[in-house]
Amino acid sequence: MSSSDIFISETIGTAVLILLGGGVCAAVTFKRSKAFNAGWVAIAFGWGFAVLTGAYIAAKSGAHLNPAVTIGLAIQGGIEWNQVPVYFAGEMLGAMIGAVLVWVSYYGQFRAHLTDPEVLADHSGEEGMVDKAAAPKAGPVLGIFSTGPEIRNVVQNIATEIIATIVLVLAILTLGLSDNGKGVGPIGTLLVALVVVGIGLSLGGPTGYAINPVRDLGPRVVHALLPLPNKGGSDWSYAWIPVVGPLIGGAIAGGIYQVAFA
């Protein structure tokens, strides 16, 4: 597989992952959406199906779609270390493209939501305008793009992301054992999607389960750049946790695999 094959496959697959994952967050968030207030179960299954679709599309490159998976596979020996930057680049670009596509798909809902006096009043000290002193960390649509903790505790937040990512990456690595080490295979891809649903339902409550650095960072950058009125801040003080936590978790999972299963 050439570097261009890897880059294109990972870019398209990750873009679809974020389009569908961010899309379910938008569908549940916007009052002018038919799925408004559908709840956490809808979000968990939506992200699971997003992983399933993106992974099938990016099967040619191994469908990492996630730098934590890439790191885990590099430590496990499934890919060469010189391929890691190519995977990272495709994953990051794809995540940003996917976030932009969510904005395009829900353009009317974004406009209605961000000019709704009731929505703005919930995020401001003065009706109709976001007060950055009152809501400096997260605006009224940031949750569509990226994650945030329910309780801000650095140790707990990063530990949650590490633990959840270990579960994900270890599941991916060990599922490959049933396909003679050639990857998870079509059925394994479905099982990985169900693992993502399980992680969301069981471990997603504290932080929103990024478990993927580019899933959080790429859309957060897009949130910061898009011309969204009254969007509020992008919560950059928290942004390092859903990047560093999953990378550590992926590395630990790769190490566990080497010790326990290699």
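Here the residue index of a chain counts from 1 through its sequence in written order. Whole-chain, interface and lining totals are the exception, using all residues; otherwise, since this is a predicted model, local features are given only for residues with pLDDT of at least 70 and side-chain atom pairs are given and counted only at 80 or more. Working from all heavy atoms in the structure, the side-chain values ignore hydrogens and water.

S.K.: Looking at this structure, how should I read the side chain of N66?
M.R.: Labels follow the DSSP assignment, with helices taken as runs of H or I lasting at least four residues and strands as runs of E lasting at least two, numbered in each case from the N terminus. Within the element layout of this structure, N66 appears in the loop between α2 (40-57) and α3 (67-76). Summary of the burial criterion: residues with accessible area below 20% of their type's maximum are buried, those above 50% are exposed, and those between are partly exposed, where the area comes from a 1.4 Å probe applied to protein chains only. The exposure class of N66 is buried, given its relative accessible area of 4%. Among residues more than four places away in sequence, those in contact with N66 are E91, L168, I211, N212 and P213. Whether two residues are in contact is decided by their heavy atoms, any of which lying within 4.5 Å being enough.

S.K.: Even after reading the chapter, I still don't get a nonpolar patch on the surface, so can you show me in this structure?
M.R.: For patch detection, residues must exceed 30% relative accessible area and be free of salt bridges, and they are connected within 9 Å for like charges or within 5 Å for nonpolar side chains (Val, Leu, Ile, Met, Phe, Trp, Tyr). In this description, accessible areas are obtained by the Shrake-Rupley approach with a 1.4 Å probe, and a residue is regarded as covered only by the protein chains that are shown. We define a salt bridge as a side-chain nitrogen of Lys or Arg found within 4 Å of a carboxyl oxygen belonging to Asp or Glu. Among the surface-exposed residues, V154, W240, V244, I248, I252, I256 and F261 lie close enough to one another that they form a single nonpolar patch of about 540 Å² accessible area. Per-element accounting of the nonpolar patch gives the leading share, four residues, to helix α11 (residues 241-260). Residue placement: V244 occurs in helix α11.

S.K.: Any chance you could explain empty space enclosed by the protein here in plain terms?
M.R.: By rolling a water-sized probe across the atoms, one finds the places where empty space is left. Residues are said to line a cavity or pocket when one of their atoms sits within 4 Å of a point; the points come from a 1 Å grid over protein atoms alone, cavities being sets where a 1.4 Å probe fits but cannot get out and pockets being open sets with protein on both sides within 12 Å along at least five of seven lines. Grid points are joined across faces, edges and corners, and a volume is the space filled by probe spheres set on the points. If you walk through the whole model with that rule in mind, you get one cavity of 30 Å³ or more. Taken as a whole, the largest cavity encloses approximately 50 Å³ of empty space. When residues are grouped by polarity, Ala, Val, Leu, Ile, Met, Phe, Trp, Tyr, Cys and Pro land in nonpolar, Asp, Glu, Lys and Arg in charged, and all others, Gly among them, in polar. When its residues are assigned to classes, the lining of the largest cavity shows seven nonpolar, one polar and one charged.

S.K.: What is the right way to read the packing of α3 against helix α4 (residues 84-105) from this model?
M.R.: The packing of two helices is summarised by the inter-axis angle and the distance between the axes. Lines fitted to C-alpha atoms define the axes here, with helix axes fitted over just the stretch in contact, and angles between the N-to-C directions of these axes take values from 0 to 180 degrees. Their axes nearest at 9 Å, the elements α3 and α4 cross at an angle of 165 degrees. For the element pair α3 / α4, the angle class is roughly antiparallel. When the axes of α3 and α4 are compared, the crossing they make is right-handed. Here P67, T70, I71 and A74 of α3 lie close against α4, whose contacting residues are V84, Y87, F88 and E91. Among the residues making up the contact of α3 with α4, the classes are represented as six nonpolar, one polar and one charged. Any angle between 65 and 115 degrees counts as roughly perpendicular, while under 35 counts as roughly parallel, over 145 as roughly antiparallel, and the rest as oblique. By convention, the crossing between two helices is left-handed when the near helix turns anticlockwise from the far helix through less than a right angle, and right-handed when the turn is clockwise.

The values are spatial; any link to function lies outside them.
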